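Remarks on the overall topology
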Amino acid sequence: MPSQQEKKMLSLKEAYGNKAVLKLFPKPDYSHISPNIKVDKAIWIPFDDIYIDDEEGNIARSDGQDPSHIEDLKHSFSAGVILNEELGAVRRQPEGSPKPWVLKYGYGRTLAQKELGVKGWAFNPIEGTDTEIEDVQSFENEPKTPKSTNKEKDIIRVKSKQVKQGRISNNEDDIYANLKKTYPRRGKQSLDRIAAGIFE
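All of the points below concern the structure found in this document. Keep in mind that this is a model prediction, so the values were computed, not measured. (Residues numbered from 1 in each chain as written. Predicted model: local features only at pLDDT ≥ 70, side-chain atom pairs only at ≥ 80, totals over all residues. Heavy atoms only, no water.)

Let us look at the pairing of strand β4 (residues 88-92). Burial of β4 is extensive: four of the five residues sit out of reach of the surface. Of the strand pairs in this sheet, β4 and strand β6 (residues 120-127) are connected by three bridges, and their pairing is parallel. By the bridge assignment for β6, Gly88 is matched with Phe123. Inspection of the sheet shows β4 paired to strand β5 (residues 101-105) by four bridges, in the antiparallel sense. (Buried < 20%, exposed > 50% of the residue type's maximum accessible area, 1.4 Å probe, protein only. Helix = DSSP H or I, 4+ residues; strand = E, 2+ residues; numbered from the N terminus. Pairing = 2+ DSSP bridges.)

Rendered as structure tokens:
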């Protein structure tokens, strides 16, 4: 049976609306900010039903989203959906509002997904006071547990060992396919340099 890593990653459009996929996304916990904050299970919501205001609504980013960050996210999402990533959050709008939801965080992800042509995405509905929600918005942009990003030379060392030990065939196409599967978020230029390094 293939591992989760070996299974084909779903595209945004393949994942959107899939009830089984929806259950796999983690639900965040903001009880350290306030025990009164309620985060519901993820639901699929069409973007047309969400008020998205990157200028005023995105209080955690005084200048809105950086276009280069949106491009990085588009590249990342075009490689497929990583199911252990937390989602953006929405808050229910008052009755009579033009749209039933307002985006509270996940602006970059949402703008990238829209640009990639998906019609909506999964969001966690969130409830709390304005202050609690603003604190969540700010906290959500804090880095998760710090990790040191792989250096290309470290990946070359690992993959060269796998080739040398016969666990990956010494075939350029097979090696490149393995790199794309293992590092789906890494850019083509980096993968090309790594593949070249393995053959040195």
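A few words on the nonpolar core. Counting 23 residues, the largest nonpolar core has Phe25, Ile50, Trp121, Ala122 and Phe123 as its most contacted members. Counting only elements with at least two residues in this core, the list comes to α1 (12-15), α2 (19-22), β2 (43-46), β5, α4 (107-115) and β6. Here this core takes three residues from β6, the largest share from any one element. Excluding residues that lie within four positions of it along the chain, Ala122 makes contacts with Leu22, Phe25, Ala42, Ile43, Trp44 and Leu87. One finds Ile175, Leu191, Ala195 and Ile198 within the second-largest nonpolar core, a separate group that totals 11 residues. (Core = buried A, V, L, I, M, F, W, Y, C linked by side-chain atoms within 4.5 Å. Contact = heavy atoms within 4.5 Å.)

This model, assessed by the stated rule, comprises five salt bridges. Between Arg109 and Glu140 there is a salt bridge, with its nearest N and O atoms 2.7 Å apart. Residue Arg109 is found in helix α4, and its partner Glu140 is found in helix α5 (residues 130-140); the two are separated by 31 residues along the sequence. Since its relative accessible area comes to 10%, Glu140 is described here as buried. Arg193 is paired through a salt bridge with Glu152; the nearest N and O atoms lie 2.7 Å apart. Here Arg193, found in helix α8 (residues 188-198), pairs with Glu152, found in helix α6 (residues 152-164); they are 41 residues apart in sequence, far enough to count as distant. (Salt bridge = Lys/Arg side-chain N within 4 Å of Asp/Glu carboxyl O.)

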